[in-house]
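# Results of the structural survey
The chain contents come next:
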Amino acid sequence: MKKNLIIATLIGVGLLLWLASGLFNAGPEPTLDTKTVALADQEQDLPRVRVRQFNAEQRTLTRILRGKTASKRIAKVSAETTGRVVARPVERGDRVEEGALLCELAVDDRRASVLEAESALSQAEIEYRGALELQDKNLLSKIRIAQVAAELESARAGLARQKLNLQRTRIVAPFAGVIETLHMDVGDLAAVGAPCATLIDLDPLLISANVSERDINYLSLGGSVTARTSTNEKLTGKVTFVGSVSDEITRTYPVEITVPNSDYRLRAGLTTVASVETETVLAHRVSPALFTLNDAGLIGLRAVDRDSRVVFHPVTIVEDAADGAWVTGLPGVVRLITVGHEFVSKGQEVDTLDDSLSPATASLL
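Attention here is on the structure that accompanies the text. (Residues numbered from 1 in each chain as written. Predicted model: local features only at pLDDT ≥ 70, side-chain atom pairs only at ≥ 80, totals over all residues. Heavy atoms only, no water.)

### Details of the pairing of strand β13 (residues 271-286)
Sheet topology note: the strand β2 (residues 57-78)/β13 ladder contains eleven bridges and is antiparallel. Among the inter-strand pairings, G67 is bridged to a residue of β13, identified as T272. Bridge analysis of strand β10 (residues 224-229) against β13 gives five bridges, and the strand direction is antiparallel. Each bridged residue has a counterpart across the sheet, and for A227 the counterpart in β13 is A274. In terms of strand pairing, β13 meets strand β18 (residues 324-328) through three bridges, oriented antiparallel. Of the residues in β18, the one forming a bridge with V286 is A325. (Pairing = 2+ DSSP bridges. Helix = DSSP H or I, 4+ residues; strand = E, 2+ residues; numbered from the N terminus.)

Structure below.
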């Protein structure tokens, strides 16, 4: 029994001595390979992002305006005297020149009134010449001379009045245009102010649009415009009017663009999208997917500096095109984070990978 106890005691003391030996042995020094592995493990802890270099480009900014085509002038050509319509040589859709006859009223006794006024004028002229001869001989008073002169002027006015009344039987086009509506037909009795026809002027054509308060200062008279109608017709013109007072309800300003239309091919009332050139700036074209917000709620883009640390650049979107958004506020040359920008923060050190190595990603940006 004592022998077994002695053996167990010796074994236990040996185990204690073996375990205690580790406290006095620091182990071998780390080799070069061990240090390299530890450094690599530390680098793997940095977040990895893809970056791509973007260069600023000169960009002529445009503003998109939505409106419709409109005629430059429209007029209801009305009668200025009474009479029955005896001729109407035009039809709806006819293109007429300035001065063309639209409706003709019966002359009735107007021509006779002109002949009567001419005779009265001839008599007044003879009397006036005779009065002047008597005045030279001091046989006529100054009062009588003044009366004769007044009668002469009255006769002249009467003739002009009768000629004008006769002329008003012909209702003519005040400008070149297209007959849109006819209001009279042969046999109708026209009264003063009754419309004969509605005439519209389509050359040049106008594009009427409304511009928001934010964009109004970018527009100026003479600015070049390209537009496309709902019928897929391309137009070119210039800004000819910019309103100075906004609409009380919509808070938008009226704008007019003048477009040549000598062949009257374009019609009024077509929905139109116009692109107006405003100014030239240095801007970057980026994918909208790269936009993010900082803690203050500002929209911007995350990039990396020379030390591979994340920086945030607030930007202003100056144009939203089909191939990307054009922004200002970035340095001329900048390395933007294209993949992983939502998972890093300002000032954080990152491990970067050039996005040019990824053709698939580059094609999307």
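### Some thoughts on the sheet that holds strand β3 (residues 83-87)
Strand order across the open sheet formed by four strands is β6-β5-β3-β8, with antiparallel pairing between neighbours. Looking at strand neighbours, the two that pair on one side only are β6 (170-172) and β8 (189-190), the edges of this open sheet. In this sheet, β8 lies alongside β3 in antiparallel orientation, the contact comprising two bridges. If you follow G83 over to β8, its bridge partner there is A190.

### Re the packing of helix α3 (residues 110-136) against helix α4 (residues 142-167)
Remark: α3 packs on α4, axes separated minimally by 8 Å, with the N-to-C direction vectors making an angle of 160°. The angle between α3 and α4 places the two elements in the roughly antiparallel class. For the element pair α3 and α4, the recorded crossing hand is left-handed. When the residues that make up the contact of α3 with α4 are grouped by side-chain class, the tally is 15 nonpolar, five polar and eight charged. (Axes fitted to C-alpha atoms, helices over the stretch in contact; angles between N-to-C directions. Parallel < 35°, antiparallel > 145°, perpendicular 65-115°, else oblique. Left-handed = near helix turned anticlockwise from the far one by under 90°. Nonpolar A, V, L, I, M, F, W, Y, C, P; charged D, E, K, R; others polar.)

Keep in mind these values describe shape, not function.
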